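# Geometric and topological summary
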Amino acid sequence: MESSQRNHQNPAFVGDDGRSTASTVEISASNPALRDNSDDQEAGGKVPEERATWGKGVEFLMSCIAMSVGLGNVWRFPFTALDNGGGAFLIPYLIVLFLIGKPIYYLEMVIGQFSSRGSVKVFDLCPAMKGVGAGQAFQVFMLSTYYAALVAIIGRYFIESFRNPLPWAECQAEWGINCINSAPNANNWSQVESSDDRRTQNYTMKSENDRVITSSEWYFVKEVLHETPNIENGIGLPNWELVVGLFVAWACVFFIIRRGVKSSGKASYFLALFPYVIMGVLLVRAVTLPGSIDGIYYFIKPQWGKILDPKVWYAAVTQCFYSLSVCFGNIIMYSSFNKFGHNVHRDAAIVTGLDTMTSLLAGFTIFGILGHLAHEIGTDDIGSVVKGGAGLAFISYPDAIAKFKQLPQIFSVLFFLMLFVLGIGSNIAMTSCSVTAIRDRFPNFKQWQCSLLIAVVSFLIGLMYITPGGQYMLTLVDFFGASMIALVLGIAELYTIGWIYGTDRLCKDIEFMLNRKVGLYWRLCWSIITPLIMTVILIYFYATYEPLTYNNIIYPNWAYSIGWMITAFGILQLPIWMIVAIIRDPGKTLGAKIRGAFTPKKNWGPMDPLLREQYNKEIENELTPKRGQGIWAAIKQNIFG
């Protein structure tokens, strides 16, 4: 009997090399003190079931790639670069990635794996700041609702890709005379009744209604979205074709996550690797189009006047958030299912590097297409070829596919299948984050039940994005429900972990878990550089705030009210949960309650009781403050150790 107890190992605490990470802990499993772990038991005295873990370490890596490499790279990055001067955007983006994206990605991987807690419960490290996790859970839920709507639109294009000719390849009579065919062999209006001079003249007309518009753009606006010129009188009713697509999108997410990481881990291989095959084919096609080199040159050539524009830096920060999915809770959630000794330092380097490469790959592809469009229309202004926004991926990419002379349907099917896979991969992570946050709080709530509930509610909310005014609402939620909340909560997260919990303690946690020293780069970023840059960007944003517009159209007042209510609900989680934590703390005085609310819970640390016992002993000795040496000594210790 004793032998069987001694040989039993929790699979969650076996390293990737097959050895127990608790093997160095010389504490008897029969110690009665360790069995008395009431903090980890439910109210009824029943010990909750062991937390699920990834079947293999590579499943975690593939899931992170599928999450981070998604629509944020293919959809958001190219039009963000387009709106911010093309190549001028690359320098701030790469700097921000190095100083903000990579440090936060590694930090979130570390605290999730170290504690085996989801994005809300992980703030047991500082109960007063649990509002950070709650706010992030809310914003990632809002984000997942409109990501699924985008996947529904992608599904519509995927189905239409089987038609011959492609429905967006040629102009329709009802679209007017200022339409130019996307297909190269079709009779353009310009070929019938104008010369190159007339084409250039029409393109440079000042009126938005008179500019030359490709058939792919007309198709997206008129046939797919049925877009209304404004939403003064409401957003209209959902398009039934997109309703079907939305249902399929959420059905896919549900069936993949219904068994947690056991099922999503198996799907991660396809979700992570398949998009690269199609992206490589499309890049080769894009660079062989006439004029594509001009577009790529526009992408990589910095416009130095834009470098110092704070708006560009703000765009770089928000793009970094979207691209890597940092400060949304997804990374913490995924890493919480890791085995304790998993090498997240390696995985963080792989994912952040691959994410950057994918963004650049997508940028080269889309700007090569834009360069070709400018060549076809007869203008040198690459930046004004098409409007920015979510529609860029549904306009420029289909336009390029329509120009394929041999079987464009094959490329179209593959491309929109790739986008569908990317969207599903990202949405799986976001929905799993919501499921994990709920199940950490209510462990008796079964995985499939929670997944189904969130899928149904999100489907109903998502209906508003597939109405004639849906893109207005999508832009509104994207701005007020994601960009603004993510920055505020991201700053709160960094100050909480870097200064309340402590950078020095975090580094000691990493040494305990991974048995590796933490370099000065990480310490400086976590304690000073990253939170400082984000704070400056946030102050600038609020100082220069202008009302949100969609295609230069101002929203009605009711829409702005909805937007600010969404932002307020997310940010107000901070003071609400802070007050709750102070009230719940068992301290006798108000001062004691406040101090207790900002101190890690007694059961904070590794979930395995053996490891936690050893950790508590080590941390007690190593983090003894330098008493009597003043605040500067404490600051120096926190930063440099």
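From a predicted model like this one, the values you see are computed outputs, not experimental measurements.

A few words now on the overall build of the chain. Each helix and strand in the chain was counted, giving 26 helices and four strands. Counting the 641 residues in the chain, one finds 58% classified as buried. For the chain, long-range pairs separated by at least 24 residues make up 83% of all intrachain contacts whose partners lie at least 6 apart in sequence. As displayed, the chain offers around 27,100 Å² of accessible surface, 61% of which is attributable to carbon and sulfur atoms.

Inspection of the entire model under this criterion finds 11 salt bridges. A salt bridge links Arg117 to Asp124, with the shortest nitrogen-to-oxygen separation between them at 3.1 Å. One exposure class covers both Arg117 and Asp124, and it is buried. With a shortest N-O distance of 3.4 Å, Lys121 and Asp124 are connected by a salt bridge. Take Lys121: its relative accessible area is 29%, and that puts it in the partly exposed class.

Attention now goes to the nonpolar core. In terms of nonpolar packing, the biggest core is built from 187 residues, with Tyr105, Tyr146 and Phe321 touching the most fellow members. Residue contributions to this core peak at 25 residues, all from helix α20 (residues 470–514). Excluding residues within four positions of it along the chain, Phe321 makes contact with Ile100, Val326, Cys327, Phe328, Ala486, Leu487 and Met534.

To continue, consider unusual backbone geometry. Most peptide bonds adopt trans geometry, and most residues besides glycine take a negative phi value. With an omega of 0°, the peptide bond running from Asn164 to Pro165 counts as cis. Note that Pro165 resides in the loop between α6 (130–160) and β1 (179–180). Even without a glycine there, the phi angle at His226 is positive, about 50°. Looking at where His226 falls in the secondary structure, it is placed in the loop between α9 (215–224) and α10 (240–257). Positive phi, close to 55°, is recorded for Asn551, a residue that is not glycine. Note on placement: Asn551 falls in the loop between β3 (549–550) and β4 (553–554).

Summed over the entire model, instances satisfying the criterion amount to one disulfide. In this model Cys171 forms its disulfide with Cys179; the gap between the sulfur atoms is 2.0 Å. With the S-S dihedral at roughly -90°, the linkage between Cys171 and Cys179 falls on the left-handed side. The thiol of Cys327 is unpaired, and the distance to the nearest cysteine sulfur, on Cys320, comes to 9.1 Å. With a relative accessible area of 0%, Cys327 lands in the buried category.

A separate point is helix α23 (residues 573–584). When the terminal C-alpha atoms of α23 are compared, their 16 Å separation across 12 residues agrees well with the 16 Å that a helix rising 1.5 Å per residue should span. Taken together, the buried positions of α23 are occupied by Gln573, Leu574, Ala581 and Ile582. One face of α23 carries all of its buried residues, which in axial projection span an arc of 155°. Facing away from the buried side of α23 by more than 90 degrees, the exposed set consists of Ile579 and Ile583. The inward-facing, buried residues of α23 abut α6, α20, α22 (557–571) and α24 (590–597).

Another aspect to go through is the environment of Phe77. Here Phe77 lies in helix α4 (residues 71–83). Judged by relative accessible area, Phe77 falls into the buried class, the value being 0%. In this structure, the C-alpha to C-alpha distance between Phe77 and Cys320, residues 243 residues apart in sequence, is 9.1 Å. Once residues lying within four places of it in the same chain are set aside, the contact partners of Phe77 are Gly72, Phe89, Leu90, Tyr93, Phe299, Gln319, Ser359 and Gly363.

This next bit is on the confidence of the model for the chain. Mean pLDDT for the chain: 82, with 85% of residues reaching 70 or above. pLDDT under 50 marks residues 1–47. Its contacts with residues more than four places away, or in other chains, come to 56 contacts. Counting interchain partners and residues more than four positions distant, the pLDDT-below-50 stretch residues 189–208 has 25 contacts.

Conventions used here
- As a convention, each chain's residues are numbered from 1 in the sequence order in which they are written.
- Where local features are concerned, this predicted model is filtered to residues with pLDDT of at least 70; where side-chain atom pairs are given and counted, the filter is 80 or more; whole-chain, interface and lining totals use all residues.
- In computing side-chain values, all of the structure's heavy atoms are included and hydrogens and water are not.
- Helix and strand labels come from DSSP, where a helix needs a run of H or I of at least four residues and a strand needs a run of E of at least two; each type is numbered from the N terminus.
- Burial classes follow relative accessibility: with a 1.4 Å probe on protein chains only, a residue under 20% of its type's maximum area counts as buried, one over 50% as exposed, and anything between as partly exposed.
- Contacts were defined at the residue level, with two residues in contact if any of their heavy atoms lie within 4.5 Å.
- All accessible-area figures derive from a Shrake-Rupley calculation using a 1.4 Å probe, and residue coverage is judged against the displayed protein chains alone.
- Salt-bridge detection follows one rule: a side-chain nitrogen of Lys or Arg within 4 Å of a carboxyl oxygen of Asp or Glu.
- In plain words, nonpolar cores are sets of buried Ala, Val, Leu, Ile, Met, Phe, Trp, Tyr and Cys residues tied together by side-chain atoms within 4.5 Å.
- By convention in this document, the label disulfide applies to cysteine sulfur atom pairs within 2.5 Å.
- Expected helix span is computed as 1.5 Å times (number of residues minus one).
- Taking the helix axis as origin, the arc is that swept by the directions to the C-beta atoms.
- Scored from 0 to 100, pLDDT records how confident the predictor is in each individual residue.

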